[in-house]
Amino acid sequence: MADGGMAGSGVTGSGAAGGSTVTGGAVGGGPAGGGADGGGMRTVLRKAASHPAAAPLSVLAAGAAGAVHLYGTNPHEAGQWLLRCPFNWLTGLDCPTCGATRMVYDLMHGDVAAAFHDNAALLVLGVPAGLFLGWRWVREGLRGRRYRPSPGRVLTAVALTLTALWGIGRNLVG
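Just so you know, these numbers come straight off a predicted model, no measurement behind them.

Engineer: Looking at this structure, how should I read the layout of surface pockets?
Structural biologist: If a probe the size of a water molecule is rolled over the atoms, the empty space left behind becomes visible. Of the volumes computed, that of the largest pocket is approximately 1100 Å³. Surrounding the largest pocket, 37 residues form its lining, Leu 70, Ala 100, Thr 101, Met 103 and Val 104 being those nearest its centre. Only helix H2 (54-71), helix H4 (100-108) and helix H6 (120-142) provide two or more residues apiece to the lining of the largest pocket. In terms of residue count, H6 provides more of the lining of the largest pocket than any other element does, nine residues in total. Here the residues of the lining of the largest pocket sort into 22 nonpolar, eleven polar and four charged. Taken as a whole, the second largest pocket spans an internal volume of roughly 570 Å³. Lining the second largest pocket are 19 residues, with Leu 125, Gly 126, Ala 129, Ala 159 and Thr 163 positioned closest to its centre. Listing elements by their share of the lining of the second largest pocket, those giving two or more residues are H6 and helix H7 (152-173).

Here you go:
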């Protein structure tokens, strides 16, 4: 259990009832602990939630739900039920990702030119990188492995520099 996983073997200790059994994290013997009342289901749910594919598939499902909402909500029109960029709200300036919601909306409706106008750097650099990393995360999770990319110092410095330059440049130009 040193790796954070569940061993599935019972651990016995003395409790108030004179010896409760812990199996896979569920305490046996009562309705709250599971036992015959669903402890097996709790173990199954815990194992499913700790599976390496659980997080990427959950993010994929949430993204699909967001895309369904965004498809019918035009962010180019005022009065839509969408969150405003907090950086833009506080400063009046565009952050490096301002326009991402409009860009995704335009891409879903097949208007690549409008998506490029909304946020060119994010479309050219961020979308391919995000798709690649997301695909790898899901693929490795489905194979039972955790995916933890480590870009290294140089790539991190380049990405942060490009992000800062884009954030400054887009506000200077217009």
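Engineer: Looking at this model, I keep getting lost on the packing of H4 against H6. Mind explaining?
Structural biologist: Two quantities define a packed helix pair, namely the angle between the helix axes and the distance between the axes. The N-to-C vectors of H4 and H6 enclose an angle of 80 degrees; their axes lie 11 Å apart at closest approach. Our classification of the angle between H4 and H6 gives roughly perpendicular. Note on element contacts: H6 touches H4 through Leu 122, Leu 123 and Val 127, opposite Ala 100, Met 103 and Leu 107. Taken together, the residues that form the contact of H4 with H6 break down as six nonpolar, no polar and no charged.

Engineer: Mind showing me how you'd approach H6 here?
Structural biologist: Residues spaced three or four apart along an α-helix face the same direction, because each turn holds 3.6 residues. Between its first and last C-alpha atoms H6 spans 32 Å; for 23 residues at 1.5 Å apiece the expected length is 33 Å, and the two agree. Along its length, H6 reaches its greatest deviation from straightness, about 40 degrees, at Gly 126, and the proline Pro 128 lies no more than four positions downstream. Looking at H6, one finds that the buried residues are Ala 120, Leu 123, Val 138, Glu 140 and Gly 141. In this structure, the buried side of H6 is in contact with H2, H4, helix H5 (112-118) and H7. Just downstream of H6, Gly 144 is the residue with a positive phi angle, here 85 degrees.

Rules and cut-offs
- Residues numbered from 1 in each chain as written.
- Predicted model: local features only at pLDDT ≥ 70, side-chain atom pairs only at ≥ 80, totals over all residues.
- Heavy atoms only, no water.
- 1 Å grid on protein atoms, 1.4 Å probe; cavity = no way out; pocket = protein on both sides within 12 Å on 5 of 7 lines; lining within 4 Å.
- Points joined across faces, edges and corners; volume = space filled by probe spheres on them.
- Helix = DSSP H or I, 4+ residues; strand = E, 2+ residues; numbered from the N terminus.
- Nonpolar A, V, L, I, M, F, W, Y, C, P; charged D, E, K, R; others polar.
- Axes fitted to C-alpha atoms, helices over the stretch in contact; angles between N-to-C directions.
- Parallel < 35°, antiparallel > 145°, perpendicular 65-115°, else oblique.
- Contact = heavy atoms within 4.5 Å.
- Expected span 1.5 Å × (residues − 1).
- Bend = angle between axes of the 7 residues up to and from the residue.
- Buried < 20%, exposed > 50% of the residue type's maximum accessible area, 1.4 Å probe, protein only.

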